[in-house]
Amino acid sequence: MQMNKVSIIIPTYNSYDTIEDTLNSVINQTYRNFEVIVVDDCSTDDTLKKLKEYKNRDSRIEIVSLENNSGAAAARNCGLSKADGQYIAFLDADDMWMQKKLELQIEFMKQNNFSFTFTNYIRINESEVLINEVIVPELLTYKDLLKNTVIGCSTVVIDRSVVGDFAMPLLKKGQDTATWLQILKKDIVAHGYNLQALTTYRVRKGSLSSNKISALKRTWYLYRYHEKINFFKASYYFSHYVFNAIYRRKLHNMKGKTI
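Note that the coordinates shown come from a computational prediction; the quantities given were computed from them, not determined experimentally.

Some remarks on the overall build of the protein chain
Next, step 1: Along its length, the protein chain carries 9 helices and 10 strands.
Next, step 2: Relative to the 2.2 N^0.38 estimate, which gives 18 Å for 259 residues, the radius of gyration of the protein chain is 17 Å and therefore close to what a compact globule would have.
Next, step 3: The principal-axis extents of the C-alpha atoms in the protein chain amount to approximately 55 × 40 × 40 Å.
Next, step 4: Every one of the 259 residues in the protein chain was classed for burial, and the buried ones make up 54%.
Next, step 5: Of the contacts formed within the protein chain by residues at least 6 apart in sequence, a portion of 78% connects residues at least 24 apart.
Next, step 6: Approximately 12,400 Å² of the protein chain is accessible, and the part contributed by carbon and sulfur atoms is 49%.
Next, step 7: Computed over 35 positive and 28 negative side-chain charges, the inter-centroid distance for the protein chain is 7 Å.

And the structure:
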């Protein structure tokens, strides 16, 4: 398989405790043609010090430091503006990839001529105890994604030669789902790699994504005010979203196991 370049975008903010595991999971990928653009959003801990250590070890790592704390969307957009790979991959600073993640996913894309893919992922808590595996559907259209916001940001790979350049909306919450929606509006379909989990997602206490009430409010706001869907259609999509959010956390439960 020809290894077209992948640009991996990692936003960081006070990520000293987790960034080492994240970067190790990238450096150890079997797919070797990549660049890592780490955008630090004004960390106040020793995150930058750790990043510089890794940059000295691997020339594929580039560090960008923002002058003002601007949020994850702005940090990812900064990375997108500097990326020169055919493929764009996102990874959060507390998540990790399986060693063959890029190899398997890009092979999946090339064999099937897919331009937007996402994968199964495992959810763990801060003690690295497995919570569950999220099994993704084979494909999602724009309307499907409104019903089931199952796409994990750290699982996504996008072929920019097909999709074109894009940027994340500057939302405090839900900017990743808003991005997938704006891409799928172009009659592009997102395809799920569901043969195995290729990403480990860390659920942190007090995080935006771990707060269920916050997630409900965020999704409703996204439907009504960002996507400008009328109340009745938004209610229809929202009811499906709630069902699927509950279902995917109960299915394939793996509590009590450790990685």
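A few points about the pattern of salt bridges
Next, step 1: Summed over the entire model, instances satisfying the criterion amount to 10 salt bridges.
Next, step 2: Measuring nitrogen to oxygen at the nearest pair gives 3.6 Å for the salt bridge that ties Lys5 to Glu35. With Lys5 in the segment before strand E1 (6-12) and Glu35 in strand E2 (residues 34-40), this residue pair connects regions lying 30 residues apart in the sequence.
Next, step 3: Residue classification places Lys5 among the partly exposed residues on the basis of a relative accessible area of 28%.

Looking at helix H8 (residues 212-226)
Next, step 1: Given a rise of 1.5 Å per residue, 15 residues ought to cover 21 Å, and the 20 Å separating the end C-alpha atoms of H8 matches this to within 8%.
Next, step 2: Burial in H8 covers these residues: Ser214, Ala215, Thr219, Leu222 and Tyr223. For H8, the angular spread of buried residues about the axis comes to 165°, placing them on one side. Opposite the buried face of H8, at more than 90 degrees from it, the exposed residues are Ile213, Lys217 and Tyr225.
Next, step 3: Just downstream of H8, Lys228 is the residue with a positive phi angle, here 55°.

Brief notes about the pairing of strand E4 (residues 87-90)
Next, step 1: Going residue by residue along E4, you find Tyr87 and Ala89 tucked away on one face and Ile88 and Phe90 tucked away on the opposite face as well.
Next, step 2: Pairing geometry for E1 and E4, over 4 bridges, is parallel. Paired with Ile8 across the two strands is Ala89, which belongs to E4.
Next, step 3: In the sheet, E4 pairs with strand E9 (residues 157-159) via 3 bridges, with the strands oriented antiparallel. The residue of E9 that forms the bridge with Ile88 is Ile158.

Definitions and cut-offs
Counting restarts for each chain, with residues numbered from 1 along the sequence as it is written. pLDDT decides what is reported in this predicted model: residues at 70 or higher carry local features, side-chain atom pairs at 80 or more are listed and counted, and totals for whole chains, interfaces and linings draw on all residues regardless. Values reported for side chains reflect all heavy atoms of the structure, with hydrogen atoms and water molecules removed beforehand. Each helix is a run of H or I in the DSSP string that is no shorter than four residues. Each strand is a run of E no shorter than two, and both are numbered from the N terminus. As defined in this context, the radius of gyration uses C-alpha atoms, and a globule is described by 2.2 Å times the residue total to the power 0.38. Three exposure classes are used, based on accessible area relative to the maximum for each residue type with a 1.4 Å probe and protein chains only: buried under 20%, partly exposed in between, and exposed over 50%. Should any heavy atoms of two residues lie within 4.5 Å, those residues are considered in contact. Method for areas: the Shrake-Rupley scheme with a 1.4 Å probe, in which residue coverage is limited to the protein chains shown. By the counting rule applied here, Lys and Arg register as positive and Asp and Glu as negative, while His and the ends of each chain are not counted. Positions of charges follow a simple convention, taking NZ of Lys, CZ of Arg, CG of Asp or CD of Glu. Here a salt bridge means any side-chain nitrogen of Lys or Arg lying within 4 Å of a carboxyl oxygen belonging to Asp or Glu. Given the number of residues in a helix, its expected span is that number minus one, multiplied by 1.5 Å. Summarising the geometry, the arc corresponds to the directions from the helix axis toward the C-beta atoms. A pair of strands is labelled paired if DSSP reports no fewer than 2 bridges between them.

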